[in-house]
Amino acid sequence: MDRRELLKMIVAATGAAMVGLPALVQGQAPAGDTKVSFSDADVGTLDEIAETILPRTRTPGAKDAGAGLFMATFVSDCYTARQQATFRAGLTDIDRRAGGRFVSLTPEARTELLRMLDAEAKARSADVTETGTPEEGEAMPHYFTMLKQLAIFGFFTSKVGATGVLQYVAVPGRYDGDLAYVPGTPAWGTS
């Protein structure tokens, strides 16, 4: 899977353009002092959220790919101060809705909470036009949209996601300019 396909998949899954992408593409952090630091507990919470979104089954899950650390780094390096504030407020809101800490919930309760947040984010996505270079008047994406985008992006761009989940299928295959032809053999796609 190439990056364009991955970004299309993220847009289809979240209903919004990838937040923070302009800074990633330009290879420079947004203007201003926007660095935030995440504690080990924050990274652990991000790992658990990502694992709930992309759990381990027969294939590795988001925690196996280190998605929490990726998410923290991406937010610190590519999000504007306004986006970082929204992201941080979202983590606080998730813990509040969990009745304490998200990581203390059962797997079923985690899934239910994230499904509820996903429905809220989808309902709000029609009003959002921000793609990472906001003007103060533009609506911010729901924080769960940001979390989901980063979980998917971090997982599928990791070595674990790219080698343990995705499969390389050579299409159309190798070039053979001297392929044997038997007269009367129908062409591809004909019956």
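Structural data are supplied above this passage.
Residues numbered from 1 in each chain as written. Predicted model: local features only at pLDDT ≥ 70, side-chain atom pairs only at ≥ 80, totals over all residues. Heavy atoms only, no water.

In this section: the packing of helix H3 (residues 40-53) against helix H5 (residues 81-97). At a closest axis distance of 12 Å, the pairing of H3 and H5 adopts a crossing angle of 75°. If you check the angle between H3 and H5, you find them roughly perpendicular. Contacts between H3 and H5 involve Asp42, Leu46 and Ile49 on the former and, on the latter, Phe87, Arg88, Leu91 and Ile94. Broken down by class, the residue content of the contact of H3 with H5 amounts to five nonpolar, no polar and two charged. (Axes fitted to C-alpha atoms, helices over the stretch in contact; angles between N-to-C directions. Helix = DSSP H or I, 4+ residues; strand = E, 2+ residues; numbered from the N terminus. Parallel < 35°, antiparallel > 145°, perpendicular 65-115°, else oblique. Contact = heavy atoms within 4.5 Å. Nonpolar A, V, L, I, M, F, W, Y, C, P; charged D, E, K, R; others polar.)

Along the chain, threonine 45 falls in helix H3. For threonine 45, a relative accessible area of 5% corresponds to the buried category. Excluding residues within four positions of it along the chain, threonine 45 makes contact with Arg101, Phe102 and Val103. (Buried < 20%, exposed > 50% of the residue type's maximum accessible area, 1.4 Å probe, protein only.)

For the rest of this paragraph, the subject is helix H6 (residues 107-124). Within an α-helix, residues lying three or four positions from one another point in the same direction, as the helix has 3.6 residues per turn. A rise of 1.5 Å per residue sets the reference length of H6, with its 18 residues, at 26 Å; its end C-alpha atoms lie 26 Å apart and thus fit the reference within 8%. Taken as a whole, H6 has its buried residues at Arg110, Leu113, Leu114, Leu117, Asp118 and Ala121. Mapping the buried residues of H6 onto a view down its axis gives an arc of 140°, with all of them on the same face. Exposed and facing more than 90 degrees away from the buried side of H6 are Glu108, Glu112, Arg115 and Ala123. (Expected span 1.5 Å × (residues − 1). Arc of directions from axis to C-beta.)

With that out of the way, let us pick up the pattern of salt bridges. For the structure on display, the rule yields 10 salt bridges. For lysine 63, the salt bridge identified is with glutamate 48, shortest N-O distance 2.8 Å. Highlighted residues: lysine 63 in the loop between H3 and helix H4 (67-78) and glutamate 48 in helix H3, separated in sequence by 15 residues. Of the residues examined, lysine 63 reaches a relative accessible area of 39% and is grouped as partly exposed. In this structure, glutamate 120 and arginine 97 form a salt bridge, with 2.7 Å as the shortest nitrogen-oxygen distance. Taken as a pair, glutamate 120 in helix H6 and arginine 97 in helix H5 lie far apart in primary sequence, 23 residues in all. (Salt bridge = Lys/Arg side-chain N within 4 Å of Asp/Glu carboxyl O.)

Further remarks concern the nonpolar core. Core analysis: the largest hydrophobic core is formed by 37 residues, its most contacted members being Phe38, Leu46, Tyr79, Phe87, Ile94 and Leu147. Put simply, the parts of the chain that give this core at least two residues each are H3, H4, H5, H6 and helix H7 (143-156). Looking at this core, the element that brings in the most residues is H7, giving 10 residues. (Core = buried A, V, L, I, M, F, W, Y, C linked by side-chain atoms within 4.5 Å.)

Going through the model one piece at a time under the given rule, you end up with seven aromatic pairs. Summarising the aromatic geometry, the rings of phenylalanine 38 and phenylalanine 87 are spaced 6.2 Å apart at their centres and angled 85° between planes, so their arrangement reads as edge-to-face. Here phenylalanine 38, found in the loop between helix H2 (21-26) and H3, pairs with phenylalanine 87, found in helix H5; they are 49 residues apart in sequence, far enough to count as distant. Ring geometry for phenylalanine 70 against phenylalanine 153: centres 5.9 Å apart, planes inclined by 55°, an arrangement best described as tilted. Taken together, the residues phenylalanine 70 in helix H4 and phenylalanine 153 in helix H7 connect sequence positions 83 residues apart. Members of the aromatic cluster, each reached through a chain of ring pairs, are Phe38, Phe70, Phe74, Tyr79, Phe87 and Phe153. Over the aromatic face of phenylalanine 38 sits the side chain of arginine 88, whose NZ or CZ is 4.2 Å from the ring centroid. (Phe/Tyr/Trp six-rings, centres within 6.5 Å; stacked < 30°, edge-to-face > 60°. Lys NZ or Arg CZ within 6 Å of the ring centre and 35° of its normal.)

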